[in-house]
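Residues per chain, in single letters:
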Amino acid sequence: MDSAGGEPPVKDEEEEEEEEDEEALPHSEILDIFEEGLARLVQDPLLCDLPIQVTLEEVNSQIALEYGQAMTVRVSKADGEMMPIVVVQNATVLDLKKAVRRFMELKQQREGGVKHVSWRYVWRTYQLIFQGEKLEDDKMRLKDYGIRNRDEVTFMKRLRKK
């Protein structure tokens, strides 16, 4: 039957090999194409605040922010550094702690520096405070503490009990 009869036209082996060769790009080339596309993507006004080596998680967070599904909590450290941490609207204290960890890990990857941080030690030694109240209950939602978009939370060393 001809192709009008419903059967696909028959390809010879040489044509099939050519098609396979066209589809098979080396991994490094695919990575380059992806990074070029990502660089163009972060030039969009919505995403222009993101770093050049942006992760998919960061792009999704920025989009969620734009649609009101997430909020930015500004976490200030003792050295004055402000960390803009993006969490979902109904995030818990634990979600905020995980987001702080992810932010710091990405920052270290981009800038170099310390390779391993014991986050168990960090959260035993430091705490998050909002308007004088310690965020001690990991299961409590940020909005129950009164934390809203663009509010500032302090990352502070715990005082030792004597």
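Whatever comes next refers back to the structure up there.
**Student:** When you look at the overall build of the chain in this model, what are you seeing that I'm missing?
**Tutor:** Per the secondary structure count, the chain includes five helices and five strands. Moving toward the C terminus, one meets the helices and strands of the chain in the order α-α-α-β-β-α-α-β-β-β. In the chain, which comprises 162 residues, the share counted as buried stands at 27%. For the chain, long-range pairs separated by at least 24 residues make up 48% of all intrachain contacts whose partners lie at least 6 apart in sequence. Accessible surface, the chain: about 12100 Å² in total, of which carbon and sulfur atoms supply 50%.

**Student:** Explain the sheet that holds strand E2 (residues 82-88) to me, please; I cannot follow it from the model alone.
**Tutor:** Adjacent strands of a sheet form backbone hydrogen bonds with each other and so pair up, either parallel or antiparallel. Spatially, E2-E1-E5-E3-E4 is the arrangement adopted by the five strands of the open sheet, whose pairing is mixed. Only two strands of the sheet have a single partner each, and these edge strands are E2 and strand E4 (133-134). The pairing of strand E3 (residues 126-130) with E4 spans two bridges and is classified as antiparallel. Residue pairing for E4: isoleucine 129 is matched across the bridge by lysine 134. Seen against the sheet, helix H3 (residues 56-66) touches strand E1 (70-76) and E2 and runs at an angle of roughly 110° to E1. Docked against the sheet, helix H4 (residues 93-111) engages E1, E2 and E3, running at close to 130° with respect to E2.

**Student:** I keep staring at a negative patch on the surface and nothing clicks. Help me out?
**Tutor:** A cluster of like negative charges, contributed by Glu29, Asp32, Glu35 and Glu36, occupies part of the molecular surface. Mapped onto the fold, glutamate 36 is located in helix H2 (residues 27-41).

**Student:** Help me understand the environment of leucine 135, please; the structure alone is not making it clear to me.
**Tutor:** Tracing the backbone through its elements, the reader meets leucine 135 in the loop between E4 and strand E5 (152-157). Here leucine 135 falls in the buried class, since its relative accessible area comes to 4%. C-alpha of leucine 135 to C-alpha of valine 153: the two residues are 18 residues apart in sequence and 9.3 Å apart in space. Setting aside its immediate chain neighbours within four residues, leucine 135 contacts Val93, Leu96, Leu128, Ile129, Phe130, Tyr145, Ile147 and Val153.

**Student:** I'm lost on the environment of aspartate 138 in this one. Help?
**Tutor:** Locating aspartate 138 in the fold gives a position in the loop between E4 and E5. Aside from chain neighbours lying at most four places away, what touches aspartate 138 is Thr92, Val93, Leu94 and Lys97. A distance of 2.9 Å separates the side chain of aspartate 138 from the side chain of lysine 97, its partner in a polar contact.

**Student:** Help me understand H3, please; the structure alone is not making it clear to me.
**Tutor:** Note: α-helices contain 3.6 residues per turn, so residues at a spacing of three or four share the same orientation. What H3 keeps buried is the set Glu58, Val59, Gln62 and Ala64. Turning to H3, the residues buried within the fold contact E1 and H4.

**Student:** What's the story with the pairing of E1 in this structure? I'm lost.
**Tutor:** Walk down a regular strand and you will see the side chains alternate between the two sheet faces. Extensive coverage of E1 is indicated by the burial of six of its seven residues. Judged from the seven bridges that link them, E1 and E2 form a sheet pairing that is antiparallel. For serine 76, the partnering residue across the bridge sits in E2 and is methionine 82. What sits between E1 and E2 in their antiparallel hairpin is a turn of five residues, with glycine 80 showing a positive phi close to 95°. Pairing between E1 and E5: three bridges, direction parallel.

**Student:** Mind showing me how you'd approach the nonpolar core here?
**Tutor:** Note that soluble globular proteins tend to have their nonpolar side chains buried in a common cluster. Counting 23 residues, the largest nonpolar core has Val73, Val75, Val87, Leu96, Leu135 and Leu142 as its most contacted members. Ranked by residues supplied to this core, first place goes to H4 with five residues. Leave out the neighbours within four places in its chain, and leucine 96 touches Val73, Val75, Ile85, Val87, Leu128, Leu135 and Leu142.

How each quantity is defined
Residues numbered from 1 in each chain as written. Predicted model: local features only at pLDDT ≥ 70, side-chain atom pairs only at ≥ 80, totals over all residues. Heavy atoms only, no water. Helix = DSSP H or I, 4+ residues; strand = E, 2+ residues; numbered from the N terminus. Buried < 20%, exposed > 50% of the residue type's maximum accessible area, 1.4 Å probe, protein only. Contact = heavy atoms within 4.5 Å. Areas by Shrake-Rupley, 256 points an atom, 1.4 Å probe, with all protein chains shown as cover. Pairing = 2+ DSSP bridges. Axes fitted to C-alpha atoms, helices over the stretch in contact; angles between N-to-C directions. Patch = residues over 30% accessible without salt bridge, like charges linked within 9 Å, V, L, I, M, F, W, Y side chains within 5 Å. Salt bridge = Lys/Arg side-chain N within 4 Å of Asp/Glu carboxyl O. Lys, Arg positive; Asp, Glu negative; His and termini not counted. Charge placed at Lys NZ, Arg CZ, Asp CG, Glu CD. Polar contact = N/O pair within 3.5 Å; in protein donor to acceptor, adjacent residues only side chain to side chain. Core = buried A, V, L, I, M, F, W, Y, C linked by side-chain atoms within 4.5 Å.

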